[in-house]
Amino acid sequence: MARQKVLDSLVEGHATAAGTRRFQERFAETQRDHFYRAIDGETLVSSLGLGTYLGDCDDAEDARYTSTTRAALDRGVNLLDTAINYRCQRSERAIGQAVRTSIATGAIKRDEVVVCTKGGYIPLDRTPPATKEGYRGFLDSEYYGPGVMEPSDVVSGGHCLTPGYLDNQIERSRKNLGLAVIDVYYLHNPEQQLDVLPGPKFLTVMRDAFASLEKQVSKGVIGSYGCATWNGLRALPESRNHLSLEGLVAIAREVGGADHHFRVVQVPINLAMTEAVRAPTQCVGNERVPLLEAAGRLGISVVGSATLMQSQLARALPEQVHSAFPGYDTDARRAIAFSQSLPVAAALVGMKSLSHLQENLAPAQSS
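Residues numbered from 1 in each chain as written. Predicted model: local features only at pLDDT ≥ 70, side-chain atom pairs only at ≥ 80, totals over all residues. Heavy atoms only, no water.

### Quick look at the overall build of the chain
Right, on to step 1. From N to C terminus, the chain includes 13 helices and 12 strands.
Right, on to step 2. Taking 367 residues into account, the globule formula puts the C-alpha radius of gyration at 21 Å, and the chain, at 20 Å, falls close to it.
Right, on to step 3. When its C-alpha atoms are laid out on the principal axes, the chain stretches across 65 × 55 × 45 Å.
Right, on to step 4. Counting only residues that meet the buried cut, the chain has 54% of its 367 residues in that class.
Right, on to step 5. Across the chain, the fraction of contacts at a sequence separation of at least 24, relative to all contacts at a separation of at least 6, is 75%.
Right, on to step 6. On the chain, roughly 15600 Å² of surface is accessible, and the fraction owed to carbon and sulfur atoms is 51%.
Right, on to step 7. Positive and negative side-chain charges in the chain, numbering 38 and 41 respectively, have mean positions lying 2 Å apart. (Helix = DSSP H or I, 4+ residues; strand = E, 2+ residues; numbered from the N terminus. Rg over C-alpha atoms; globule rule 2.2 N^0.38 Å. Buried < 20%, exposed > 50% of the residue type's maximum accessible area, 1.4 Å probe, protein only. Contact = heavy atoms within 4.5 Å. Areas by Shrake-Rupley, 256 points an atom, 1.4 Å probe, with all protein chains shown as cover. Lys, Arg positive; Asp, Glu negative; His and termini not counted. Charge placed at Lys NZ, Arg CZ, Asp CG, Glu CD.)

### A look at the pairing of strand E7 (residues 222-228)
Right, on to step 1. With six of seven residues buried, E7 is to be regarded as a mostly interior element.
Right, on to step 2. Note that strand E6 (residues 182-188) and E7 share six bridges and pair parallel. Counted as the bridge partner of Tyr185 is Tyr225 from E7.
Right, on to step 3. Note on the crossover from E6 through helix H7 (residues 199-218) to E7: the handedness is right-handed.
Right, on to step 4. Where E7 lies against strand E8 (residues 262-268), four bridges are found, and the strand directions are parallel. In the sheet register, Tyr225 faces E8, and the bridge partner there is Phe262.
Right, on to step 5. The β-α-β motif built from E7, the intervening helix H8 (residues 245-256) and the parallel element E8 has right-handed crossover chirality. (Pairing = 2+ DSSP bridges. Right-handed = clockwise from strand over helix to strand, strands pointing away.)

### Some points on helix H5 (residues 132-144)
Right, on to step 1. Listed as buried for H5 are Phe138, Leu139, Tyr143 and Tyr144. What you see down the axis of H5 is that its buried residues fit within an arc of 150°, all on one side. (Arc of directions from axis to C-beta.)

### Some thoughts on the side chain of Asn189
Right, on to step 1. By the secondary structure assignment, Asn189 is in the loop between E6 and H7.
Right, on to step 2. There is a polar contact of 3.2 Å between the side chain of Asn189 and the side chain of Tyr121.
Right, on to step 3. Once you skip the residues sitting within four places of it in the chain, Asn189 turns out to touch Tyr121, His159, Ala228, Thr229 and Trp230. (Polar contact = N/O pair within 3.5 Å; in protein donor to acceptor, adjacent residues only side chain to side chain.)

### Here we look at the packing of aromatic side chains
Right, on to step 1. Using the criterion set out here, one finds 10 aromatic pairs in the structure.
Right, on to step 2. Considering the side-chain rings of Phe138 and Tyr143, the 6.1 Å spacing of their centres and the 75° angle between planes classify their relative orientation as edge-to-face.
Right, on to step 3. The exposure class assigned to Phe138 is buried, which follows from its relative accessible area of 15%.
Right, on to step 4. Relative to Tyr165, the ring of Tyr143 lies with its centre 5.8 Å away and its plane at 55°, an arrangement referred to as tilted. Note that Tyr143 is positioned in helix H5 and Tyr165 in helix H6 (residues 163-177), a separation of 22 residues in sequence. In terms of burial, Tyr143 and Tyr165 fall into one category: buried. (Phe/Tyr/Trp six-rings, centres within 6.5 Å; stacked < 30°, edge-to-face > 60°.)

### What about the state of the cysteines?
Right, on to step 1. Scanning all chains against the criterion turns up zero disulfides.
Right, on to step 2. Cys160 takes part in no disulfide bond, and the closest cysteine sulfur, belonging to Cys227, lies 15 Å away.
Right, on to step 3. For Cys160, a relative accessible area of 0% translates into the label buried. (Disulfide = S-S within 2.5 Å.)

Dropping the structure here:
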């Protein structure tokens, strides 16, 4: 009964084409020049998305993320990205608090915002255990003891994609966010499994995971799903940890039919990591092409991550970049403009201060 009350308290609704179009229209005067783009069909997202990866696991950081997220929603950002393992589940909770408060105050409606999270890495809770023994005890009490997963399901000390584990993580994420529906649910760095598993076994893991996510879509718990990757989609086909986008789409069609819900991938794209634009890492039919071209052909939306490469691209960019993106006052804004100039739905930037938010949203000034 207590569990049902928790679920009943979740905010209902999900992002829609009509809702996100309404959101876009509200910022028509301040966010122009194709700032909003389609993701997963006709749903619109801001081409600057708010990321929540970095930061301390403490209450002060939670407060910073929550206040900045609310400010972002007030300024036209409607793509929010997190993961259950970010900051010991605190990032999900901070994002959820911001969204629910903004809904309660009337600043936004639930159907106007696209909330994305990820599952795969075993998340800690609030603070990391002090010892290895504490971590093992945590795994026993939270996962092994209740039968969520077996030790043999875990690779690299902390990564799992079994259906039972994903079901558990989705419910935890819903509770953390306080939302009945997760708009986009990513498998988090599935190529991590390739460090241990042979190719055929990996395909079985992905097939089972996609089938589980299709069931979650049919239950109305998630809107669509995808893969948030680091190396996999940027690696050449000859590499051990290469992910084939065409292969992933084929698995989705196998388990979900022509109307499957594998719709989005996330991949690092920035001035220093340009493989998605220039490197022929993907095979579509008999042709090798860069990821962005492959995604366009296969009907998959792309969200760029690591836009500022953890702030390394926020300073000391060469003069050529200044010339290529005139009208911007800071290198951070030029690096964001580079990613936004590509055929991606959005570029993610971690933001937990109002000053950074304002800088990153600044339009180009005409000369």
